Amino acid sequence: MIELQHNVNSPEEIARAAAVLRQAVFDTELSPNDVMKVFDAWAKGLSARELDDIPGIVFLRMWLRRGSLEPIIARELGANGLQGGWNEDGRAENKAFPLGVVGHWPAGNVEIQPLLSMTCALLGGNAALVRVPKALVDITRCLMSKLVQSDPEQVLTRRIFLAAFDHNRQDLQEAMAKAVDGAMIWGGEEAVLQIRALPFPHWARLAVFGPRISVSAMDAGAWGDPHEREAWCQRIARDVWQFDQQACSSPQVLFLERRAGQSTADFLPILHRAFEIENQAHPRLTIPAALTSAIYQARASWLLKDSAHKAIFPTGPDWTLLFGSGSDIPQATQGKTLTVLEVDNLCEPVLKFDGNVQTLGLGMADPEKERELTSLAGKRGVDRIVKLGRMHVFVPPWDGVDLIRPMVRMVRHVSSTD
Amino acid sequence: MQQLDEKIDRILSVAPYCQPPDERQAGLLELLKEELDYACQRHAGYRNYVQHWPVDYRSACHVTDLPFLPVGILKANPPLSFVGPDEVKKTLTSSATTSQSPSRVVLDAPTARRMTKGVVTIVRDFIGSSRRPYLVVDTPGFMGGNALGARGAAIQGLHPFASETTYCLNANDRGDLTLDQGKLLEFARNHGDTEVLVYGFTFILWKHLVEPLLEAGICLNLPKVRILHSGGWKRLQDQAVDKSVFNGQLARVFGCSPDCVIDFYGMVESVGVIYPDCPEGNKHGPAFGDVIVRNPLTLEPVAAGEYGIVQVCSVLPTSFPGNLLLTEDMAQVIAYDGCPCGRRGISFRFAGRIPKSEVRGCGNIESKRSVN
């Protein structure tokens, strides 16, 4: 079986790999349809039971399905985009061509991200040069082995090079940047700033995702509805559990609209129960010690700060609910630590958004209020406003930008023969 | 409070490493519960925290079940305190890098007294109780007034073993340290055949004493020296200096055996408790404190041989919440009893700081530092 992941030690290895990848793009034109055929087979390979425990695997399987990708491609690349054909545009015609070699710098904390990022470039007909973070080397190798099995003709695998190297190797980072025509960069502020400062060619296009946080909110009609609140709580718990609450789309805080005559004291035990159930179904298998430390710090800070503050948590770091009131967005702790804050008006926290909030997850009974919040949130930099329980549903535009389109060039042809 | 004070004094008077683990645990548990009662009366926020702990401390059967605080909480400013401003005798601050805030702990008179007694009790077990000439590899200017840093606290903690004290470093206006070789050689000449005590921060000892003396080819000829040092190893590791190299070169410049060098771990947040290496290279908890090494996933104590996050326990402080602290350090448990050195209870070895993470959004939280 061919090995797509390599421990890279020199800039020359990266330059050589990029040259081979670029040649592959020149040699064969791939339509999204060609790519999706392999993806379909790969998705089937990924349904193997032994992969079930990989966080995000369900999303990766779903994402790779034709049913998920076709509408995205049609929307981003046009009606003929699926076949890789030309789209008429008045007297001209347009067609998506790949940028060439796209470099991927995924975050180190989302297991499927190296592959998710890579698929976006491949759908545009590009080749993918992926830096695999140290923590994800084994998982990525395991997932890629299924692609190798699903692609015997090497339609895609000849366009992929996964480079594993330490993130401190500035020479390798620079070599990778110099070798690409586009880049998809995911990560924390420090990582993003460092990668953006690398010596990319002047024509390279960069798409940056993160670092951002997400927020959830419910109006009193929703959380106060005795028939619905259990379902709402399950949705919240699901959104918190995915990716161990470390994705940009993970809710870090839940704002509850206060209403006279209604007490959150009835709602919080149900949320508590939903967290317990979710934890039983999806217990954490490992945790970085630093995250454990951060979780205990968050619990202690919260309760010591104000004796009116409440909290519920088990003895271990499994999950944490912090209760209080106020419209300020608390600092994100992650690790299934949700701060629940009562506010008089849900517009109060939204007015404080500063562009750092990616997704607003809503549970609303009042559609007019939802419309008002949506407009307000859009103005304040929020890119996705979705129903609670769907905060991680991976439908572009993501972070306010398309996923495939940024890594293709729309070539316009105006015929000279007319 | 007086009753509590007497109980702490009683436990402080016990030989620090002789009690069987079960007996020690029972004594600590009882006293720590009383201290929790006291602390809850003194601080509403702390009471709120303790009340939310999943296990009611009053019915806890093990020290491991008691509510602990993460050490980072002591970075609060103003510091968390169980005493009024008029009762504060000293404020200790931890060393911190420019990007970090230091911890601040307030000591009232009883806690300060116990801090001294705790350190003396532990150090006595390793070097004996006699007073001897004390060479401090630092500057006298480092000893502050009411505000004391980690270096100052360590220097001061060993004063009860000093018959006279000599500081052998100078600092210029910018704070750069240089060795006062004349003063050092005079100290060596005067005390060549007597027991002497030396203390310095690990990196300072190396950079400002060992390196210059090695370069100058000087041996101090102090065969009866005991050299205590504390502080991080990171900068030395960056220079590829490990413990055996450090001890060997230190022994070379002092003209003593490498066994005379004792590395101890201490943190200002756990006042009065330090953890010197025993001859087996292990660390031990004293009678008035304990160490729990917890699995990061479950927070349960790890089995012997395993690594985890260090929690320090101490009955000494009553002026701030320093009794039960989850540190930001990792350690390996060597055994829960039976260290060949003869000290009872847990033996463990530190394994460096918890690797740092950037915790944010879709943040890249790859480890920036690995466990040593």
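Everything quoted here is computed from the prediction, not taken from an experiment.

## Quick notes on the overall build of chain B
Here is step 1: Counting its secondary structure elements, chain B contains nine helices and 17 strands.
Here is step 2: In terms of overall dimensions, chain B is globule-like: its C-alpha atoms have a radius of gyration of 21 Å, near the 21 Å expected for 372 residues.
Here is step 3: Per-residue burial for chain B yields a buried fraction of 47% across its 372 residues.

## Looking at the sheet that holds strand E8 (residues 205-209) of chain A
All names here are of chain A.
Here is step 1: The six strands are arranged E1-E6-E5-E4-E7-E8 in an open sheet whose pairing can be described as parallel. Of all strands in the sheet, those with a lone pairing partner are strand E1 (5-7) and E8, marking the two edges. Each strand of the sheet is rotated relative to its neighbour by a mean of 20°, with strand direction disregarded.
Here is step 2: Where strand E4 (residues 101-105) and strand E7 (residues 182-186) come together, four bridges link them in parallel fashion. Considered in E7, the bridge of Trp105 is made with Ile185.

## What to know about the pairing of strand E17 (residues 347-353) of chain B
Here is step 1: Sheet topology places strand E13 (residues 283-284) of chain B next to E17(B); two bridges connect them, and they run antiparallel. Bridge pairing in E17(B) links Lys283(B) to Phe348(B).

## Some remarks on the environment of Ser10(A)
Here is step 1: Among the secondary structure elements, Ser10(A) is positioned in the loop between E1 and helix H1 (11-27).
Here is step 2: Note: C-alpha distance between Ser10(A) and Ala175(A) (165 residues apart in sequence) is 8.7 Å.

## Considering helix H9 (residues 243-254) of chain B
Residues and elements named next belong to chain B.
Here is step 1: With 12 residues, H9 ought to run about 16 Å at 1.5 Å a step, and its terminal C-alpha atoms sit 16 Å apart, in line with that.
Here is step 2: For H9, the full list of buried residues reads Phe246, Asn247, Leu250, Val253 and Phe254. For H9, the arc enclosing every buried residue in end-on projection is 135°, short of the 170-degree limit, so these residues lie on one face. Among the exposed residues of H9, those pointing more than 90 degrees away from its buried face are Ser244 and Gly248.
Here is step 3: Where H9 is buried, its residues contact helix H7 (202-216), strand E10 (225-230), helix H8 (234-238) and strand E11 (261-266).
Here is step 4: Of the residues flanking the end of H9, it is Gly255, one or two places downstream, whose phi is positive at about 70°.

## Quick notes on the interface of chain A and chain B
Here is step 1: Every contact between the two is made by 48 residues of chain A and, on the other side, 33 residues of chain B.
Here is step 2: For the side of chain A that touches chain B, the elements supplying multiple residues, two or more each, are helix H8 (189-196) and helix H12 (289-305) of chain A.
Here is step 3: When residues in the side of chain A that touches chain B are grouped by element, the largest group, 13 residues, is from H12(A).

## Observations regarding the packing of H1(A) against helix H7 (residues 170-178) of chain A
All names here are of chain A.
Here is step 1: One can describe the packing of H1 onto H7 by two numbers: an axis separation of 8 Å at closest approach and a directional angle of 20°. By the criterion of interaxial angle, the relationship of H1 to H7 is roughly parallel. By crossing handedness, the relation of H1 to H7 is classed as right-handed. In this structure, H1 uses Pro11, Ile14 and Ala15 to contact H7, whose residues at the interface are Asp171, Leu172, Ala175 and Met176.
Here is step 2: In the contact of H1 with H7, the residues fall into six nonpolar, no polar and one charged.

## A closer look at the pairing of strand E15 (residues 307-314) of chain B
All names here are of chain B.
Here is step 1: Among the eight residues that make up E15, seven are buried, leaving the element largely enclosed by the rest of the structure.
Here is step 2: Here strand E14 (residues 289-294) pairs with E15 via six bridges, running antiparallel. Counterpart to Gly289 in the pairing with E15 is Ser314.
Here is step 3: Two elements, E15 and strand E16 (residues 324-335), share six bridges in a ladder whose sense is antiparallel. Considered in E16, the bridge of Gln311 is made with Leu326.

## Structural notes on unusual backbone geometry
Here is step 1: Here Asn77(B) and Pro78(B) are connected by a cis peptide whose omega angle stands at 5°.
Here is step 2: At Gln154(A), a residue that is not glycine, the phi angle is positive and equals roughly 55°.
Here is step 3: Within the secondary structure, Gln154(A) sits in the loop between helix H6 (137-150) and strand E6 (160-164).
Here is step 4: The class for Gln154(A) is partly exposed, based on 13 C-beta atoms found within 10 Å.
Here is step 5: Unusually for a residue other than glycine, Ala240(B) sits at a positive phi of about 60°.
Here is step 6: Of note, Ala240(B) is situated in the loop between H8 and H9.
Here is step 7: Judged by C-beta crowding, with 7 C-beta atoms within 10 Å, Ala240(B) ranks as exposed.

## Considering the domain arrangement of chain A
All names here are of chain A.
Here is step 1: By the assigned domains, chain A splits into domain 1 (5-210 + 399-414) and domain 2 (213-387).
Here is step 2: One C-alpha centre belongs to domain 1, the other to domain 2; they are set 33 Å apart.
Here is step 3: Each side of the interface is counted separately: domain 1 has eight residues, and domain 2 has eight residues.
Here is step 4: When grouped by side-chain class, the residues that make up the side of domain 1 that touches domain 2 number two nonpolar, four polar and two charged.

Conventions used here
- Residues numbered from 1 in each chain as written.
- Chains lettered and ligands numbered in written order.
- Predicted model: local features only at pLDDT ≥ 70, side-chain atom pairs only at ≥ 80, totals over all residues.
- Helix = DSSP H or I, 4+ residues; strand = E, 2+ residues; numbered from the N terminus.
- Rg over C-alpha atoms; globule rule 2.2 N^0.38 Å.
- Buried ≥ 20, exposed ≤ 12 C-beta atoms within 10 Å, placed from the backbone.
- Pairing = 2+ DSSP bridges.
- Axes fitted to C-alpha atoms, helices over the stretch in contact; angles between N-to-C directions.
- Expected span 1.5 Å × (residues − 1).
- Arc of directions from axis to C-beta.
- Contact = placed C-beta atoms within 7 Å.
- Parallel < 35°, antiparallel > 145°, perpendicular 65-115°, else oblique.
- Left-handed = near helix turned anticlockwise from the far one by under 90°.
- Nonpolar A, V, L, I, M, F, W, Y, C, P; charged D, E, K, R; others polar.
- Domains from an automatic or database assignment.

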